[in-house]
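Here is what each chain is made of, one letter per residue.
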Amino acid sequence: MSIRLASLCGLAVACVLSIAGSSPATAQQVVKLGEGETLTISGFINATLFNDRGLFSSFGQGQNAEIAAAPANQPGVNQGIFDGDVRNTRINFTFNAAPVLGKWAPRATLEADFFGAFNGVPPFGDEQPQFRVRHAFVDLSNGRTTVRIGQYWAPLFGEVPAFIPVSLTHIAFPVGLGSSMIGWRFPGVFLFHDLTATSPLKLQLEVATLKGSGPTAAGNAGDSLNNIGTGEASGVPQFETRLNAARKFDNVSWNGFVVYHIDWKDVNGRGVPGSNITDWGVETGQYVALSSFTLHGSVYYGKGLGSQFGMINQFQPQIRGWGAWAQAGYDFTSHWSVWADYGIDQPDYARFARETGGTLARQLTHTGSALLRFRAGRYAAGLEYFRNVTRWNTGVTSADQYALSALYTL
């Protein structure tokens, strides 16, 4: 790529103005950089005003609300808060170049949002969310096979809209993440290969080797100091493989997938004798669209999937359990639709207690949501209700969220 610094500065200013909303975009912006290379700029602006009744734990109270806080952390009386959130706003830069090795062409993608830490504390810091990298990867593709190196979704994650609950409020942290839906993004090497090139049935194979993941081993000061988790300390990466399928019938569209995950964790950390623990998981998802009606969801079962947001986001590698979610939607006009979601995450806390003598803090969770959505072109707005009920070892709690959200796709 050859481009002058002045051009880069001008491009950066244009991107900032687009995000700020001073000149709303009407389509993806494609910039020609020379030498057969182009830059595609895309993304969206997402704004939410919300009222929470009760408190959520682990991730926050706004666009990333997921799990009801423990009984000791609930306010009891005077529960309501009113706040706003724009952290889901996202920008994507995708560079495409001409083939460099036969039919193999390189591509690079950088995607960021504003889910970084707030810049300080109220009353002014919470209006200054910080830039955060989501995806950063480079591809080499011949159209049917793609080799990807960098940070991207693990195959356990939905990664396509068909397998992510529809929401205008919960996008970066989808509805049910950590309480029925699983998966996360990691640096790694990914291989995508289309097994069939044409309709009616499309099959694609994904294989991924990902960095290890897990919390720091308890009491291991060296690993804590160097931010080395139990997955990284195992010395072995995570492995996942996934088969995607899609087919269109006369009036029905169907997508489905099945994925297998395996990883290893060194629960003692570096410098301490002991064998790795093997964790695993299986998951399948289905999507059916018939005229104005949509039904989709997924179910998983596995062991030690806390680092993939399973088991109600608990990290003991000995936990076994399952989770599932389903969402139905109906478009009753070209602009108006309604959606309803329900999910559950059920770790086997009784088996965990028998095998380890320990007690799981979070033993069961139910998540539900309802959305009334209006869409017109690239603009969407909606009223959304979100609720989570969690059974802690100290009691059952719930938290509710009522939100008004708007989304504009760049």
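Summary of the structure given here. For clarity, every value in this text was computed on a predicted model and none was experimentally measured.

## Considering the overall build of the chain
Across its full length, the chain holds four helices and 20 strands. Relative to the 2.2 N^0.38 estimate, which gives 22 Å for 410 residues, the radius of gyration of the chain is 22 Å and therefore close to what a compact globule would have. Dimensions along the principal axes, computed over C-alpha positions, put the chain at roughly 65 × 50 × 50 Å. Sorting the 410 residues of the chain into buried and exposed places 46% on the buried side. Residue pairs at least 24 apart in sequence account for 61% of intrachain contacts in the chain once pairs closer than 6 positions are excluded. Carbon and sulfur atoms form 62% of the exposed surface of the chain, whose accessible area is close to 18900 Å². Of the charged side chains in the chain, 29 are positive and 29 negative; the average position of the first set lies 4 Å away from that of the second.

## Looking at the packing of aromatic side chains
For the coordinates displayed, the defined rule picks out 17 aromatic pairs. Pairing Phe114 with Phe131 gives two aromatic rings, centres 5.1 Å apart and planes at 50°, and the pair type is tilted. Separated by 17 residues along the polypeptide, Phe114 in the loop between strand S7 (105–113) and strand S8 (132–141) and Phe131 in the loop between S7 and S8 bring together distant segments of the chain. Judged by its relative accessible area of 18%, Phe114 falls in the buried class. Here Phe131 falls in the exposed class, since its relative accessible area comes to 53%. Note on Trp184 and Phe309: the rings are 4.9 Å apart at their centroids and 45° apart in plane angle, and the pair reads as tilted.

## Some remarks on the pairing of strand S10 (residues 185–194)
With nine bridges joining them, strand S9 (residues 145–153) and S10 adopt antiparallel strand pairing. Paired with Thr146 across the bridge in S10 is Phe192. Once S10 ends, the chain turns through six residues before running back antiparallel as strand S11 (residues 201–210).

## Digging into the pattern of salt bridges
Counted under the stated rule, the structure contains 15 salt bridges. Of the charged contacts in the structure, one is a salt bridge between Lys303 and Asp279, with a shortest N-O distance of 2.9 Å. One end of the pair, Lys303, is in strand S15 (residues 293–303); the other, Asp279, is in strand S14 (residues 277–290), with 24 residues separating them in the sequence. Take Lys303: its relative accessible area is 11%, and that puts it in the buried class. On the basis of relative accessible area, Asp279 is assigned to the buried category, the value being 0%. A network of salt bridges, in which partner residues are shared, links Arg90, Glu111, Asp113, Arg132 and Arg134.

Scoring rules and cut-offs
- Residue positions within a chain follow its written sequence, with the count starting from 1.
- Two thresholds apply to this predicted model, a pLDDT of at least 70 for residue-level local features and 80 or more for giving and counting side-chain atom pairs, whereas whole-chain, interface and lining totals are computed over all residues.
- Each side-chain value is worked out from all heavy atoms of the structure, with water and hydrogens disregarded.
- Note on conventions: DSSP H or I runs of at least 4 residues are helices, E runs of at least 2 residues are strands, and numbering of each starts at the N terminus.
- The quantity called the radius of gyration is restricted to C-alpha atoms. Its globule counterpart is 2.2 Å times the number of residues to the power 0.38.
- Think of it in three bands: residues with accessible area under 20% of the maximum for their type are buried, residues over 50% are exposed, and the middle band is partly exposed, with areas taken using a 1.4 Å probe on protein chains only.
- Contact between two residues is taken to exist if any of their heavy atoms lie within 4.5 Å; hydrogens are not considered.
- With residues, only the protein chains shown are counted as cover, and all accessible areas are computed by Shrake-Rupley using a 1.4 Å probe.
- Positive charge is attributed to Lys and Arg, negative charge to Asp and Glu, and no charge count is given to His or to the chain ends.
- Working definition for charges: the position is that of NZ of Lys, CZ of Arg, CG of Asp or CD of Glu.
- Aromatic rings from Phe, Tyr and Trp, with only the six-membered ring used for Trp, were paired whenever their centres fell within 6.5 Å, and each pair was classed as stacked if the ring planes differed by under 30 degrees, edge-to-face if by over 60, and tilted otherwise.
- Two strands are counted as paired when DSSP detects at least two bridges linking them.
- Whenever Lys or Arg places a side-chain nitrogen within 4 Å of a carboxyl oxygen from Asp or Glu, that contact is recorded as a salt bridge.

In short, geometric facts, not functional conclusions.
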